Amino acid sequence: MNDEPKSAAEMKEIRLNRKLAQDAEGIKAMADIAAADIAIRKRTANLRAIRLAKEAADRDKPVEPKAKAGLKKKKTK
């Protein structure tokens, strides 16, 4: 880095460039968050549709109860 003192105009330019960079980074971050939110909502809607279809199919065709296995007798010596 340069240790020379900066003039007021140079400092103003540096602050302005830093602010512009921060603004651009903030806009990009908000766009990333919005894109992630949209992706989550689409995935949730897809999973909900799959779950509802499965539940509807299960209601139409109930599962038969499994036959209980007989009790095993212990062998005595």
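Residues numbered from 1 in each chain as written. Predicted model: local features only at pLDDT ≥ 70, side-chain atom pairs only at ≥ 80, totals over all residues. Heavy atoms only, no water.

Chemist: Before we move on, could you go through the overall build of the chain and cite the residues and values that matter?
Modeler: The helix and strand tally for the chain stands at one helix and zero strands. Carbon and sulfur atoms provide 60% of the accessible area of the chain, an area that totals close to 8300 Å². (Helix = DSSP H or I, 4+ residues; strand = E, 2+ residues; numbered from the N terminus. Areas by Shrake-Rupley, 256 points an atom, 1.4 Å probe, with all protein chains shown as cover.)

Chemist: Go over the pattern of salt bridges with me, naming the residues and quoting the values.
Modeler: Under the criterion given, the structure shown has four salt bridges. Note that Arg 41 is salt-bridged to Asp 37, the shortest N-O span being 3.1 Å. One end of the pair is Arg 41 and the other is Asp 37, both in helix α1 (residues 8-60) and four residues apart, which spans about a single turn. The partner of Lys 54 in a salt bridge is Asp 58, with the nearest N and O atoms 3.1 Å apart. Of the two residues, Lys 54 and Asp 58 are both situated in helix α1; the distance of four residues between them amounts to about one turn of the helix. Among the residues examined, Lys 54 registers a relative accessible area of 53% and is labelled exposed. (Salt bridge = Lys/Arg side-chain N within 4 Å of Asp/Glu carboxyl O. Buried < 20%, exposed > 50% of the residue type's maximum accessible area, 1.4 Å probe, protein only.)

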